[in-house]
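# Reading the structure
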Amino acid sequence: MWRDALLIAAKDLKIELRSKVTMNQILPFAFVVLIVFAFALDTSPGTLAKVAPGLFWLAVLFSSVFGVDRAVAIETNDSAGEGLLAYGVDPGGIFLGKVISVFVQLFLLEIFLLLGVVVLYGPKIGGLPLMAISAFFATLGLCAAGVTYSQLASASRAKQTLLPLLLVPVASPVLLAGTKAWQDAFSTAASLGDPWLRLLIVFAVVYLALGAIFFGSILEG
Amino acid sequence: MGSLVSFKNVIVISGNFPILTGLDFEAGPGEIVLVKGRNGAGKTSLLRAVAGLARITRGSANVLGVDIAANPADVRHRIGLLGHEGFLYEDLTASENVRFVLKATRSDPSKAEAAMASLGLTGRLGDLKVAKMSAGQRKKVALAALLAREPELWLLDEPHASLDSWTRGVLDATLNAKVSRGATVLLVSHESHHGSLVPTRTVEVGGGKIISDTHATKPVPLDPLAVAEQGSGNVA
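Parameters and conventions
- Residues numbered from 1 in each chain as written.
- Chains lettered and ligands numbered in written order.
- Predicted model: local features only at pLDDT ≥ 70, side-chain atom pairs only at ≥ 80, totals over all residues.
- Heavy atoms only, no water.
- Helix = DSSP H or I, 4+ residues; strand = E, 2+ residues; numbered from the N terminus.
- Rg over C-alpha atoms; globule rule 2.2 N^0.38 Å.
- Buried < 20%, exposed > 50% of the residue type's maximum accessible area, 1.4 Å probe, protein only.
- Salt bridge = Lys/Arg side-chain N within 4 Å of Asp/Glu carboxyl O.
- Pairing = 2+ DSSP bridges.
- Axes fitted to C-alpha atoms, helices over the stretch in contact; angles between N-to-C directions.
- Parallel < 35°, antiparallel > 145°, perpendicular 65-115°, else oblique.
- Contact = heavy atoms within 4.5 Å.
- Nonpolar A, V, L, I, M, F, W, Y, C, P; charged D, E, K, R; others polar.
- Core = buried A, V, L, I, M, F, W, Y, C linked by side-chain atoms within 4.5 Å.
- Domains from an automatic or database assignment.
- Expected span 1.5 Å × (residues − 1).
- Arc of directions from axis to C-beta.
- Buried area = accessible area lost by both parts, 1.4 Å probe.
- Polar contact = N/O pair within 3.5 Å; in protein donor to acceptor, adjacent residues only side chain to side chain.
- Left-handed = near helix turned anticlockwise from the far one by under 90°.

This brings us to the overall build of chain A. A tally of regular secondary structure across chain A gives 9 helices and 0 strands. Shown N-terminal to C-terminal, the secondary structure of chain A runs as helices and strands in the order α-α-α-α-α-α-α-α-α. Its C-alpha atoms give chain A a radius of gyration of 17 Å, within 12% of the compact-globule value 17 Å for 221 residues. Its C-alpha atoms give chain A principal-axis dimensions of roughly 55 × 35 × 30 Å. A buried classification covers 49% of the 221 residues belonging to chain A.

Here it is in structure tokens:
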């Protein structure tokens, strides 16, 4: 399974490097979200600094919808996904490969986005270990849930509208826990025993397990 | 001689519609079975069922010694399917696509180059993104992956469509060589002549069942006129 996962991840990342969809489309979209929310809320630096973690994770959540949709769409052209099954690739490996590929892209996007948050909102960054570890598990959970639901939605004619409808409510614990964990990280009470971090870990583990078990059934229809 | 494919009373349902309706079919090593039938008769569904890509609702289905209804994943990598789609990634080059297929099927990636060269996919063509290729070139890439894999069972759905006469000749010669070494080919085609590829049997599918099964009594002679027509691009 891991051999297949790495093969799929390497292939997807190579395709992303060629197409540059994340870099040229999803990253600018995430920045637009940051800017638009800043306009909508308040332009005073104090308010924006306070809500920075929430806006960051909201931008990541919206970006993840496009990221996982793209990861599954790669396999719909020329029935490539069916080809993977025909080659005998392990469905669990396909799932994990997609998760790894989207994770790498989304994590890199978050680094750029964090720079944008610092420049636009000016929050006082702190608690870097808690920030990094909570971002790791939040992103992993988003990717695992996202790839699963994106594959589920891909069978529908209304997949573009169905995916956000399915994913955004399911991923709301990540939005909440990611925001709270970063708020704790920015405060003086930053600790790796943060309860919100534990929620992010549980979410990621549960969706990784569910995806690895059920992705094959979803893929085979 | 044992059967490589043994289907007994196989039923496949898509949605609420039965597409294979109690189909019985056998194929042994070294056979070239031409599968004919009208549009919607169930030819492609038969190939997909043999490839383990269609869920078998009822009946007994054994492919390469494996119960494909119960354990399709155990045998898929030994079967080569060329369908209407090539299973290709448009943002990868021809060479990258072929190598990916070989890695995915646990085949030897070093065979990619020779297979591509045999179909004329060398130099600039090998490094060209599939998105920039013509339909015929894409078909060649999919075929190159199949040739390099050397599956035991070849499932070919209109393999000659979009191909020039030279490539058809290469494909036919390669398949004849594989069959002489024990491989089995199931060939779906609407064409009346298949170059030098001479079916040992012709089965006709209708209404999701085999309605006729004819063994060739002697090799069908090559029809130069038909081959020339095929080469000129008159593809069914």
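This brings us to the pattern of salt bridges. According to the stated counting rule, one finds 20 salt bridges over all chains in the structure shown. A salt bridge links Asp4(A) to Arg106(B); the shortest N-O distance between them is 3.4 Å. Note that Asp4(A) is positioned in helix 1 (residues 2–19) and Arg106(B) in the loop between helix 2 (94–104) and helix 3 (112–118), a pairing that runs across two chains. For Asp4(A), a relative accessible area of 2% gives the class buried. For Asp12(A), the salt bridge goes to Lys11(A), with nearest N and O atoms at 2.7 Å.

Residues and elements named next belong to chain B. As paired elements, strand 9 (residues 201–206) and strand 10 (residues 209–215) share 6 bridges and run antiparallel to each other. Looking at the pairing, Val 203 lines up with Asp 213 of strand 10. Between strand 9 and the antiparallel strand that follows it, strand 10, lie 2 residues; Gly 207 among them carries a positive phi value of about 60°.

Residues and elements named next belong to chain A. At a minimum axis distance of 9 Å, the contact between helix 6 (residues 128–154) and helix 8 (residues 172–186) shows a crossing angle of 175°. When the axes of helix 6 and helix 8 are compared, the pair comes out roughly antiparallel. Taken together, the residues of helix 8 that come into contact with helix 6 (itself represented by Leu 130, Met 131, Ser 134, Ala 135, Ala 138 and Leu 142) are Val 174, Ala 181, Trp 182, Asp 184, Ala 185 and Phe 186. Looking at the contact of helix 6 with helix 8 residue by residue, the classes come out as 10 nonpolar, 1 polar and 1 charged.

Another point: the sheet that holds strand 2 (residues 17–27) of chain B. Residue and element names in this part refer to chain B. Judged by pairing direction, the sheet is antiparallel, and its 4 strands sit side by side in the order 2-1-4-5 without closing on themselves. Of all strands in the sheet, those with a lone pairing partner are strand 2 and strand 5 (66–67), marking the two edges. Where strand 1 (residues 5–14) meets strand 4 (residues 56–63), 6 bridges bridge the pair, whose relative direction is antiparallel. Bridged to Phe 7 within strand 4 is Ala 61. Packing against the sheet, helix 1 (residues 43–50) makes contact with strand 1, strand 2 and strand 4, and its axis sits at approximately 65° to strand 2.

Here we take up the side chain of Thr93(B). Mapped onto the fold, Thr93(B) is located in the loop between strand 6 (79–82) and helix 2. The contacts of Thr93(B), once residues within four sequence positions are left out, are Arg18(A), Gly126(B), Asp127(B), Leu128(B), Lys129(B) and Val130(B).

The next thing to look at is the nonpolar core. Within the largest apolar cluster, 145 residues are counted, with the highest numbers of intra-cluster contacts made by Val5(B), Phe7(B), Phe25(B), Val50(B), Val63(B), Ile79(B) and Leu155(B). Broken down by element, this core gets its largest block of residues, 13 residues, from helix 6 of chain A. Residue contributions to this core reach at least three from each of two domains, namely domain 1 (1–80 + 178–236) and domain 2 (86–150) of chain B.

On to helix 7 (residues 159–170) of chain A, then. All names here are of chain A. Taking 1.5 Å of rise per residue, the 12 residues of helix 7 would be expected to cover 16 Å, and the 16 Å separating its terminal C-alpha atoms lies within 8% of that figure. Regarding helix 7, the residues found buried are Leu 163, Leu 167 and Val 170. Along the axis of helix 7, the buried positions cluster into a sector of 60°, meaning they face one direction only. When the buried face of helix 7 is taken as reference, the exposed residues oriented beyond 90 degrees from it are Thr 161, Leu 165 and Pro 169.

Residues and elements named next belong to chain B. As summarised here, the arrangement of the 6 strands in space is 6-7-8-3-9-10, forming an open sheet in which the pairing is mixed. Only two strands of the sheet have a single neighbouring strand rather than two, namely strand 6 and strand 10. Across the sheet, the mean angle from the axis of one strand to that of its neighbour is 15°, orientation sign disregarded. Here helix 1 sits on the sheet in contact with strand 3 (32–36), strand 6, strand 7 (153–157), strand 8 (184–188), strand 9 and strand 10, set at roughly 155° to strand 7. Along the sheet, helix 5 (residues 165–180) contacts strand 3, strand 7 and strand 8; its crossing angle with strand 7, the most-contacted strand, is approximately 150°.

All names here are of chain B. Each domain of chain B was delimited in the assignment, giving domain 1 (1–80 + 178–236) and domain 2 (86–150). Facing 6 residues of domain 1, the contacting portion of domain 2 comprises 4 residues. Of the roughly 360 Å² buried at the junction of domain 1 and domain 2 (both faces included), carbon and sulfur atoms supply 52%. Sorting the residues of domain 1 by area buried against domain 2 places His 77, Gly 80 and Lys 178 first, and these three jointly supply 81% of that buried surface. There are 1 salt bridge connecting domain 1 and domain 2. Glu 150 is paired through a salt bridge with Lys 178; the nearest N and O atoms lie 2.9 Å apart. Across the domain 1-domain 2 interface, the total number found is 3 residue pairs in polar contact (both at pLDDT 80 or more). Looking at the side of domain 1 that touches domain 2, its residues break down into 1 nonpolar, 2 polar and 3 charged.

Moving on: the interface of chain A and chain B. Tallying the contact residues gives 26 residues for chain A and 23 residues for chain B. Here chain A packs against chain B, burying approximately 2,300 Å² in sum over the two surfaces, 55% of which is carbon and sulfur. On the chain A side of the interface with chain B, the three residues burying the most area are Arg18(A), Asp78(A) and Tyr87(A), jointly 32% of the side's total. Between chain A and chain B we count 6 salt bridges in total. Ionic pairing is found between Asp91(B) and Arg70(A), a salt bridge with its closest N-O pair at 3.8 Å.

All names here are of chain A. Running from amino to carboxyl end, helix 5 (residues 91–121) crosses helix 9 (residues 195–219) at an angle of 125°, the nearest separation of the two axes being 8 Å. Considering the angle they form, helix 5 stands oblique to helix 9. Every pair of crossing elements has a handedness; the one defined by helix 5 and helix 9 is right-handed. Where helix 5 abuts helix 9, its residues Pro 91, Gly 92, Ile 94, Phe 95, Leu 96 and Val 99 lie against Tyr 207, Leu 208, Gly 211, Ala 212, Phe 215, Gly 216 and Leu 219.

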